Amino acid sequence: MYMDIRIVAGGPVECLPDLKKIAAGLDDVLWCGADRGALLLAERGIKMEAAFGDFDSVTEGELEFIRQAAKDVYVYPPEKDETDLELSLAWAYRQKPNRIIIYGATGGRMDHAMGNIMLLASAEHLRQPVKASIEDLQNEISFYYPGSYTIHKQRKPYVSFIPISEEITGITLTGFLYPLTDAVLKRGRTLSISNQLNSQTGTFSFSSGILMMIRSTD
């Protein structure tokens, strides 16, 4: 079992963190490229365990470059039911890692970004035993079923809770600048946007619904 799997999709380069720096600081990790994301990894000298896609966004020469950097390359027809990221994520779950982090899934086309975000909000993915999240330079996006969770203060100071389901019931926030106790969050309202931790750790818990947490910085 690998500690982490990092998937890179083909979102705008300006939204990506420094992948080369991240790779240099990790040992027990597998990298996977989704379509043009595989080229981004290859260009940075990061070896991939796998690459998935129809690769309609790369040239033949670039695809050959990807093949040299990836252990396995899975080429699909452009007309398919799953996106390249969904195929990559399904593979990542089969590897049974402790954590999956996705880069290159936000920025650029809004339909791509929303599709990628909602992919992780589906019941199929939330039932997985491993937590998957989306990260870019300014944001970290993750999803939760009812329960109690602890988070730690980090360089992205803002914490927002957004209902994916129609409402979130029984939400309690402790260790936050704006605490809540047994509150209800309704989809389409902004009660829980741009909170912050006021201690090194904070906890959030809720009784029902599907909740998205976004940690962000300016």
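No experiment lies behind these values; they were computed from the predicted model shown. Residue numbers here run from 1 along each chain, matching the order of that chain's written sequence. The predicted nature of this model means local features are confined to residues of pLDDT at least 70 and side-chain atom pairs, given and counted, to a pLDDT of 80 or more, with totals for whole chains, interfaces and linings taken over all residues. Calculated side-chain values reflect all of the structure's heavy atoms, with hydrogen atoms and water omitted.

Draft legend 1. Quick peek at the pattern of salt bridges. Just to be clear on terms, a salt bridge is a Lys or Arg side-chain nitrogen sitting within 4 Å of an Asp or Glu carboxyl oxygen. Applying the stated criterion to the full structure yields 10 salt bridges. With a shortest N-O distance of 2.5 Å, Arg109 and Asp111 are connected by a salt bridge. Each of the salt bridges in this network shares a partner with another, and the network as a whole consists of Asp4, Arg6 and Arg99.

Draft legend 2. Local environment of the side chain of Ser133. With respect to the secondary-structure elements, Ser133 resides in strand β6 (residues 131–135). Accessible area is worked out with a 1.4 Å probe on protein chains only. A residue is then buried under 20% of its type maximum, exposed over 50%, and partly exposed in between. Judged by its relative accessible area of 11%, Ser133 falls in the buried class. Helix numbers and strand numbers start at the N terminus; a helix is a DSSP run of H or I with at least 4 residues, a strand a run of E with at least 2.

Draft legend 3. Summary view of the side chain of Ser160. Here Ser160 lies in strand β9 (residues 158–163). With relative accessibility at 7%, the residue Ser160 sits in the buried group. Two N or O atoms form a polar contact when they lie within 3.5 Å of each other; inside protein one atom must be a possible hydrogen donor and the other a possible acceptor, and for residues adjacent in sequence the pair counts only when both atoms belong to side chains. Here Ser194 takes part through its backbone nitrogen, which lies 2.8 Å from a polar atom of the side chain of Ser160. Contacts: residue pairs with any heavy atoms within 4.5 Å of one another. Non-local contacts of Ser160, meaning those with residues more than four positions away in its chain, are made with Ser192, Ile193, Ser194, Met212, Met213 and Ile214.

Draft legend 4. Structural context of the environment of Ala183. Relative to the helices and strands, Ala183 resides in strand β11 (residues 180–186). Through-space distance from the C-alpha of Ala183 to that of Leu173 is 9.2 Å; in sequence the pair is 10 residues apart. Contact partners of Ala183, with chain neighbours within four places excluded, come to Ile168, Thr169, Gly170 and Ile171.

Draft legend 5. Structural detail: unusual backbone geometry. Unusually for a residue other than glycine, Asp182 sits at a positive phi of about 50 degrees. In this fold, Asp182 is placed in strand β11. Taking the relative accessible area as the measure of exposure, Asp182 reaches 58% and is therefore exposed. Residues other than glycine seldom take positive phi values, yet Ser194 does so here, at roughly 60 degrees. For Ser194, the position within the fold is in the loop between β11 and β12 (195–196). Judged by relative accessible area, which is 39%, Ser194 ranks as partly exposed.

Draft legend 6. Examining the pairing of β9 more closely. If DSSP finds at least two bridges between two strands, the strands pair. The sheet contact formed by β9 and β12 spans 2 bridges and is antiparallel. Bridging across to β12, Val159 finds its partner in Asn195. Here 6 bridges tie β9 to strand β14 (residues 211–216), and the two strands are oriented antiparallel to one another. Within β14, the position partnered with Tyr158 by the bridge is Ser216.

Draft legend 7. Expanded view of helix α3 (residues 60–69). Residues of α3 that are buried: Leu63, Ile66 and Ala69. Within α3, the buried residues cover an arc of 120 degrees as seen down the axis, which keeps them to one side. Exposed side of α3, more than 90 degrees from the buried face: Glu60, Gly61 and Gln68 are the residues found there. Buried positions along α3 lie against α2 (36–43), β3 (48–53) and β4 (70–75). Note: the arc covers the axis-to-C-beta directions of the helix.

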